[in-house]
Amino acid sequence: VALTLILPHTTGVSSNQVVVPEKVNAVLGKNITLGCRIEVGPSLSFTQSSWERRLPSGTITLAVFNPEFGTSYSSQYEKRISFVSPSIRDATITLEGVDFTDIGSYTCKVATFPLGNTQASTRVNVLVEPKVYVSAGPTALLDGGNESLVATCIAERGLPEAEVFWETELYGRSEKQSQNEANGITTVHVHYMWQPRSSAQGKTLTCVVRHPALQTEFRIPYMLNVQFAPAVSIMGISKNWYAGQANVKLNCEAKANPAARQFTWTRLDGLMPEGVEISNNSLAFTRPLERNDSGVYHCDVTNDIGTSSQVVNIWVQDPPPTTAAASTTASVLHDIPGTGTAVDRRRAPFTSPTLASLHDSSLGTIVGGAVGGVLFLILLLILGGACYMHQRRTFRGDYYTKQYLGPSDMQKESQLDVLQPHELQEVYGDKTSKGSQDLKPKLGGDIIYPDYTPERKDRDDWVDRGDANRGFKEGNYYPDHYNSQNVHPCGPPVHSPIVNNGSPYLPEDCYDNGTDSDYVSHMDGSVISRREWYV
């Protein structure tokens, strides 16, 4: 006979030779086994064993085992009680269909000779195993809705009260309710509250119940059923649509609960082009793409919760540059005898790879870059020429000695042509002479010709042109004789800052004598304007 026993604490209570459990828990309506082990010493003689029960009205005998007369049972319990395997060492009995009236104290008694009776008692408790189940919430779970009752875990009519809770990864909350009945029976409800989200669709809640009447904890999984409108996505989208592209097909996929029941394809910026086949959730071009197929295509998906849509922008471009297919020259082949097979002899086509033509945009980029480079080179040449001419025209230095002077030196009056007193003595004689009019050049002495070589001292154009063009006053370092014979009227005014017109510059007629008189050549072959000297 199958029994359901829970023995959380089974410690032996011994009264000499009789051993029984201290307490036995029985489940309401199930069978229970009351164990009794007998230990008889060698000096004792076993007579019989029996089970008794104490009631408020007195003690009654439930069952008796005698080695000579066998077993006997009380008429009140004869249909529910029996010995399992009666012997002089075992008096275990079974009680079937336990109910609340069976709660109480039971005694196993052994009679021996000459010791007499020995007994031990155990207590029977009745447990009520709860009925465990899960109840779904009263309303459907809608994505994005308010907090709702998802499900309820119920442990119904348990004794004692069951431990009930939910196991889940969701961020919800639990509410517990208990209902007490007669005999200490209790019903427990645990509600799980949660705000529905479509991302949790298909996830599981677990109802867990623990109770002494259960051999292990009770676990019931509950799968979430969150309803939501379709989440639409279009498959088959390419980033490179081009004219002539074949086998173009778009599929409108939808994740929905309940499942989608209608798909609708439309074009938003115009009429649906010819050569397009729509079948349920797919849109297929039955011909190669054309430029006028460019547009915005729209897919609507509907289920019992709502309608959602998705769009795709098809932009058909020019075909991409690709290597042209190898041309096959179908040369006429004659059946020439040879070692090759007929298949080998038929393999006569020759292929010639061809280069892809440049894109219009690429060609424009190349031409534009070339033109820009040429213009940049021309600009550099112009700037270089301008800098070179400016440098030639702005020679900084002394035009008599052709020596370069810094900016500070050029601002000073040149002292190269001014003779110091001791130099005058060497040229004109005795230093005791008074006044510049008495100075005469020594015979054989060198006369200073500014900036001219000795071979050019006697040029014909250095003749006397009159006093009006000399304009040098008395008191200069050089006498009139020197000025009249050796200084050109339009020569550099190195001795006096004032010319006959009161200006430090030469008279205008010195600049108007033609091209030959307006420029002076140097030893290095360069020509410098007289105007540039004095300006």
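Small disclaimer: the values here were computed from a predicted structure and weren't measured.

### Considerations on the overall build of the protein chain
On a plain count of helices and strands, the protein chain comes out with eight helices and 32 strands. The long-range fraction of contacts in the protein chain, counting pairs at least 24 apart against all pairs at least 6 apart in sequence, stands at 56%. Of the roughly 33000 Å² of accessible surface on the protein chain, 53% is carried by carbon and sulfur atoms.

### Regarding the UniProt feature "transmembrane region" (unreviewed entry) in the protein chain
Under the local residue numbering, the UniProt record ascribes the feature "transmembrane region" (unreviewed entry) to residues 366–389. The span residues 366–389 shows a helical share of 100% and a strand share of 0%, and its end C-alpha atoms are spaced 35 Å apart.

### Details of the pattern of salt bridges
Scanning the model with the defined rule gives 16 salt bridges in all. Notably, a salt bridge pairs Arg291 with Asp318, separated by 2.7 Å at the nearest N-O pair. You can see Arg291 sitting in the loop between β27 (282–285) and β28 (295–302) and its partner Asp318 sitting in the loop between β30 (316–317) and α1 (342–346), a full 27 residues away along the chain. Arg291 gets classed as partly exposed once you look at its relative accessible area, which sits at 46%. Three or more residues are tied together by salt bridges with common partners; here these are Glu163, Glu167, Arg210, Glu217 and Arg219.

### Examining the state of the cysteines
Within this structure, the stated rule accounts for three disulfides. Between the sulfur of Cys36 and that of Cys108 lies a disulfide, 1.9 Å long from S to S. Handedness here is read from the sign of the S-S torsion; for Cys36 and Cys108, about -80°, the answer is left-handed. Here Cys36, found in the loop between β5 (32–34) and β6 (37–38), pairs with Cys108, found in strand β12 (residues 104–113); they are 72 residues apart in sequence, far enough to count as distant. Pair check on accessibility: Cys36 and Cys108 agree, each one buried. Residue Cys153 pairs covalently with Cys207 via a disulfide, S to S 1.5 Å. In this pair, Cys153 sits in strand β16 (residues 148–158) while Cys207 sits in strand β20 (residues 204–210), placing the two residues 54 residues apart along the sequence.

### Some points on the sheet that holds strand β29 (residues 307–314)
In spatial order, the strands read β25-β28-β29; together these three strands make up an open sheet with antiparallel pairing. Each edge of the open sheet carries a strand with a single partner, namely β25 (262–267) and β29. Averaged over all adjacent pairs, the angle separating strand axes in this sheet is 20°, with direction ignored. For β28 and β29, the ladder comprises eight bridges, and the chain directions are antiparallel. From the neighbouring strand, Val296 faces β29, where its bridge partner is Asn313.

### With respect to a nonpolar patch on the surface
Side chains of Val367, Val371, Val374, Leu375, Ile378 and Ile382 sit close together on the surface and give an oily, nonpolar patch of about 540 Å² of accessible area. Following the sequence through the fold, Ile382 ends up in helix α2 (residues 360–393).

### Brief notes about the nonpolar core
Looking at soluble globular proteins, one finds that nonpolar side chains tend to be buried together. Within the largest apolar cluster, 26 residues are counted, with the highest numbers of intra-cluster contacts made by Ile32, Leu34 and Trp51. Setting aside its immediate chain neighbours within four residues, Leu34 contacts Val24, Trp51, Thr92, Ile93, Tyr106 and Val124. Counting residues in each nonpolar core, the second largest holds 22 residues, with Cys153, Val188, Cys207 and Ile220 among its members.

### A few points about the confidence of the model for the protein chain
The pLDDT averaged across the protein chain works out to 74; a share of 62% of its residues lies at or above 70. Considering only residues more than four positions removed or in separate chains, one finds that residues 1–15, a stretch of pLDDT under 50, has 36 contacts. Low confidence marks residues 398–405, where pLDDT is under 50. Its contacts with residues over four positions away, or in another chain, come to 25 contacts.

Rules used in this analysis
- Residues numbered from 1 in each chain as written.
- Predicted model: local features only at pLDDT ≥ 70, side-chain atom pairs only at ≥ 80, totals over all residues.
- Heavy atoms only, no water.
- Helix = DSSP H or I, 4+ residues; strand = E, 2+ residues; numbered from the N terminus.
- Contact = heavy atoms within 4.5 Å.
- Areas by Shrake-Rupley, 256 points an atom, 1.4 Å probe, with all protein chains shown as cover.
- UniProt positions renumbered as here; feature names shortened; annotations may be inferred.
- Salt bridge = Lys/Arg side-chain N within 4 Å of Asp/Glu carboxyl O.
- Buried < 20%, exposed > 50% of the residue type's maximum accessible area, 1.4 Å probe, protein only.
- Disulfide = S-S within 2.5 Å.
- Pairing = 2+ DSSP bridges.
- Axes fitted to C-alpha atoms, helices over the stretch in contact; angles between N-to-C directions.
- Patch = residues over 30% accessible without salt bridge, like charges linked within 9 Å, V, L, I, M, F, W, Y side chains within 5 Å.
- Core = buried A, V, L, I, M, F, W, Y, C linked by side-chain atoms within 4.5 Å.
- pLDDT = per-residue confidence, 0-100.

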